[in-house]
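# Examining the three-dimensional arrangement
The primary structure of each chain is shown beneath.
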Amino acid sequence: MKPISLMTVFRGLVAGVLVAACAGGAVAKDLFDLAGTPAKTRFQALPAGGEIRITLMSTGCFHSSHHEFAFVRQGPEKQGRLQVSVISQERAWNEKRQEFEKPRNVPLGTLTLTAEEETKLDALLNFYRHLQQGGCTTQDRLEVVQVTAGAKGQVRRVEAFKDDSCSTYERKDLLTLTSLVARLDRR
């Protein structure tokens, strides 16, 4: 996974705020294309070599987790399949100092997804885009960053979502990010 400079993301965030302000609120504040046009990240439209990075931070009464997902479209030699690599950020409790240790990244593994799973991931993002406020004590925060294919890996789109609805867990038409983590944890 190639790092994205914070300045690149910051420029993208500023561009998104300006686009939303200039559109008179017609563009959702968390959704923008760095070219200045409203856009939506779609897994099915991701070109070969393109990448979608998602950060998921989930907190609730009995859990707190942080995962990084890197979805990469493979080239023709691998039938253009979408692969996802997942990293868990883990923090151990230091009993002696009574504080958490510095977080460490733990690679969970890589999965190759089916076309049906890609459709369900697009449905998940669409669900988040139209989410009404919830009242669940579990809160998921997501940042979705689409990166262009090629050596430069420029940030193309950024979307951010907050979900406190607990509505995704029972829906069969969605592929949740936590279900991907669970598949890797079972290995």
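Here the structure is shown first, and the text comes after it.
Residues numbered from 1 in each chain as written. Predicted model: local features only at pLDDT ≥ 70, side-chain atom pairs only at ≥ 80, totals over all residues. Heavy atoms only, no water.

### Let's talk about the pattern of salt bridges
Counted under the stated rule, the structure contains 9 salt bridges. The salt bridge involving Lys 120 is made with Glu 116; its shortest N-O contact spans 3.6 Å. Here Lys 120 pairs with Glu 116, and both are found in helix H2 (residues 115-129), just 4 residues apart, close to one helical turn. Several salt bridges share partner residues, and in doing so they unite Arg 97, Glu 99 and Glu 101 into one network. (Salt bridge = Lys/Arg side-chain N within 4 Å of Asp/Glu carboxyl O. Helix = DSSP H or I, 4+ residues; strand = E, 2+ residues; numbered from the N terminus.)

### Observations concerning the side chain of Glu 118
Secondary-structure assignment places Glu 118 in helix H2. Glu 118 sits in the buried class, given a relative accessible area of 8%. Not counting residues up to four positions away in its chain, the partners in contact with Glu 118 are Phe 43, Gln 44, Arg 73 and Leu 82. (Buried < 20%, exposed > 50% of the residue type's maximum accessible area, 1.4 Å probe, protein only. Contact = heavy atoms within 4.5 Å.)

### Focus on the state of the cysteines
All chains considered together, the criterion is met by 1 disulfide. Paired by a disulfide, Cys 136 and Cys 166 hold their sulfur atoms 1.7 Å apart. Across the disulfide from Cys 136 to Cys 166, rotation about the S-S bond amounts to roughly -55 degrees, and the bridge is consequently left-handed. In this pair, Cys 136 sits in the loop between H2 and strand E8 (139-147) while Cys 166 sits in the loop between strand E9 (155-163) and helix H3 (177-185), placing the two residues 30 residues apart along the sequence. A residue is classified by how much of its surface remains accessible, and Cys 136, at 24% relative accessible area, is partly exposed. (Disulfide = S-S within 2.5 Å.)

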